[in-house]
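# Inside the fold
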Amino acid sequence: MMKPEKETIRLDRLSIGYRGKDGVTTVAGGICASIRCGELTCLLGANGVGKSTLLRTLSYFQPSLSGSVYINGREMSTFGDRELARTIGVVLTDKPDTVNMTVRELVCLGRSPYTGFWGTCSQEDMNVVAEAMAMVGIDSLDSRMVSTLSDGERQKVMIAKALAQQTPVIYLDEPTAFLDFPSKVEIMQLLHRISHTMQKTVFLSTHDLELALQIADTVWLLSSGGALTIGSPEDMALDGSLSSFFSGRGISFDQQTGLFTVTADIVRRIHISGCNGPRMAMVRKALHRRGIETTDEVLSDEISIEVTMSAFRIVFKDGSSSYVSTVAELMEFV
Ligand SMILES: Nc1ncnc2c1ncn2[C@@H]1O[C@H](COP(=O)(O)OP(=O)(O)OP(=O)(O)O)[C@@H](O)[C@H]1O
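Calculation rules
Residues numbered from 1 in each chain as written. Predicted model: local features only at pLDDT ≥ 70, side-chain atom pairs only at ≥ 80, totals over all residues. Helix = DSSP H or I, 4+ residues; strand = E, 2+ residues; numbered from the N terminus. Buried ≥ 20, exposed ≤ 12 C-beta atoms within 10 Å, placed from the backbone. Domains from an automatic or database assignment. Expected span 1.5 Å × (residues − 1). Pairing = 2+ DSSP bridges. Axes fitted to C-alpha atoms, helices over the stretch in contact; angles between N-to-C directions. Contact = placed C-beta atoms within 7 Å. Near = placed C-beta within 6 Å. Nonpolar A, V, L, I, M, F, W, Y, C, P; charged D, E, K, R; others polar. Core = buried A, V, L, I, M, F, W, Y, C linked by C-beta atoms within 7 Å.

By the naming in an unreviewed UniProt entry, the protein goes by ABC transporter ATP-binding protein and is assigned to Xylanibacter rodentium.

Listed below in structure tokens is the structure:
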């Protein structure tokens, strides 16, 4: 069976960066990649690697140094302003200048590529705005002034504005920055839902690594120097791309759990036995934080720990033992 063609955006030997009076600074060069519709794609990379530069170049806010960007097979530079505004919606993290208006008025601005010179919204435009606000779940904020919104609420409003723009492509620069964890999850799930249910091409940059690895369909890892690795989070976990990308930065990637752990210098080893499960896992986690690795081997010169169904037992070097009920109490003996 033929796979459906999903490529919307194609980067062909794209070089991004800046031209200044002192010459050209290339942030990343020779990028060949594509972004697909009906998927959420997340761009990850350390501070300063060029995520915003790439997003600005793809949004046509800044010129590329060389190479091309194709949207549905057509070179981006051949699009007129209005046509581009009907094709790409961009959500930036900066607070909008337009705070002195209501939420509905701001979302209505998303209709500007379709409205006339005076920007007057028709009934049909208002229906699109209402639909966008409902999709994002902000109907109740309708007449609130934008300046009174929380960061999370404002982010949703900006996403609703992009939806009201009815573009097949949406780019977002760090949409989860400054949000509390549940709001980050909500925004990422919302964007995932939008990409899948509306068949949109959603591409965003983020520093929320674990969230991106759980929610993104495809991940782009951009390294300093401009090297780009692309794949599904699972394939990247299996082929070692994630481990090597983050190696040596105080975190390591656990292929079994698919999670990152803070790397600790191991200074001791302790024997642990008993029921495997969450209680054992939490003891291991607390020990790891203290630089202690657990082993099945009984070590004569160390205490050992037994995890039972209801308690933690510490066996001291002289053979005596004590029971405690919490991990914190256990750590006091370690
Ligand atoms: N206007 C500019 N002129 C020259 N260099 C710039 C300009 N804007 C950014 N840079 C440089 O380009 C590089 C990439 O910056 P960019 O903002 O794209 O990184 P980023 O990955 O988005 O970083 P962060 O995660 O910190 O937001 C950095 O070295 C930055 O200093």
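The rest of the description comes next.
This next bit is on the overall build of the protein. Helix and strand content of the protein: 11 helices and 17 strands. Referenced to the eigenvectors of the C-alpha coordinate spread, the extents of the protein come out at roughly 85 × 50 × 45 Å. Here the protein holds 334 residues, and 32% of them are scored as buried.

On to the domain arrangement of the protein. Under the domain assignment used here, the protein contains domain 1 (7–251) and domain 2 (268–332). For domain 1 versus domain 2, the separation of C-alpha centres amounts to 47 Å.

For helix α4 (residues 123–136), built from 14 residues, the straight-helix expectation of 20 Å at 1.5 Å per residue is met to within 8% by its first-to-last C-alpha distance of 20 Å. Taken from the residues just after α4, Gly-137 is the one with a positive phi, measuring 75°.

So, on to the sheet that holds strand β6 (residues 88–91). Strand order in the open sheet formed by six strands is β6-β7-β8-β3-β9-β10, and the pairing between neighbours is mixed. At either end of the open sheet lies a strand with only one pairing partner, and these are β6 and β10 (228–231). On average, adjacent strands in this sheet sit at an angle of 15° to one another, irrespective of strand direction. Examined bridge by bridge, strand β9 (residues 218–222) and β10 share four bridges and lie antiparallel to one another. Bridged to Val-219 within β10 is Gly-231. Against the sheet, helix α1 (residues 51–58) makes contact with β3 (39–44), β7 (169–173), β8 (201–205) and β9, and its axis sits at roughly 150° relative to β7, the strand it touches most.

So, about unusual backbone geometry. A positive phi angle, near 45°, is found at Arg-13, a position not held by glycine. With respect to the secondary-structure elements, Arg-13 resides in strand β1 (residues 7–20). With 12 C-beta atoms packed within 10 Å, Arg-13 lands in the exposed category. Non-glycine residue Phe-178 carries a positive phi angle of around 65°. Within the secondary structure layout, Phe-178 lies in the loop between β7 and α6 (181–197).

Moving on: the site of the ligand. Tyr-18, Thr-25, Val-27, Gly-45, Asn-47, Gly-48, Val-49, Gly-50, Lys-51, Ser-52 and Thr-53 make up every residue found near the ligand. Within the residue set of the shell around the ligand, elements represented by two or more residues are β2 (23–36) and α1. The biggest single contributor to the shell around the ligand is α1, with three residues. Of the residues that constitute the shell around the ligand, the class distribution is three nonpolar, seven polar and one charged.

With that settled, the discussion passes to the sheet that holds strand β4 (residues 66–71). An order of β2-β1-β4-β5 is seen for the four strands of this open sheet, with the pairing classed as antiparallel. Two strands close off the open sheet at either side, each with one partner strand: β2 and β5 (74–75). Two elements, β1 and β2, share 10 bridges in a ladder whose sense is antiparallel. If you follow Gly-17 over to β2, its bridge partner there is Thr-26. Lying on the sheet, α1 is in contact with β1, β2 and β4; it crosses β1 at an angle near 115°.

Val-107, Ala-132, Val-157, Ala-160, Tyr-171 and Val-219 are the most contacted members of the largest nonpolar core, which totals 62 residues. No other element matches the seven residues that helix α5 (residues 151–164) contributes to this core. If sequence neighbours within four positions are ignored, Val-107 has contacts with Val-129, Ala-132, Met-133, Val-157, Ala-160, Lys-161 and Ala-164. Counting eight residues, the second largest nonpolar core, distinct from the first, contains Ile-272, Ile-292, Val-307 and Leu-330.

Taken together, the four bridges between strand β15 (residues 304–307) and strand β16 (residues 312–315) define a ladder with antiparallel strand orientation. Across the sheet, residue Glu-306 finds its bridge partner in β16, namely Arg-313. The turn joining β15 and β16, which pair antiparallel and follow one another in sequence, is formed by four residues. Looking at chain direction, β16 and strand β17 (residues 321–324) are connected through four bridges and run antiparallel.

With that settled, consider α5. Because each turn of an α-helix spans 3.6 residues, side chains separated by three or four positions end up pointing in the same direction. With 14 residues, α5 extends 20 Å from end C-alpha to end C-alpha; this agrees with the ideal 20 Å at 1.5 Å per step. With respect to burial, α5 is a largely interior element, 11 of its 14 residues being buried. Residues of α5 that are buried in the fold lie against β6, α3 (103–108), α4, β7 and α6. Just past α5, the residue Gln-166 takes up positive phi, approximately 50°.

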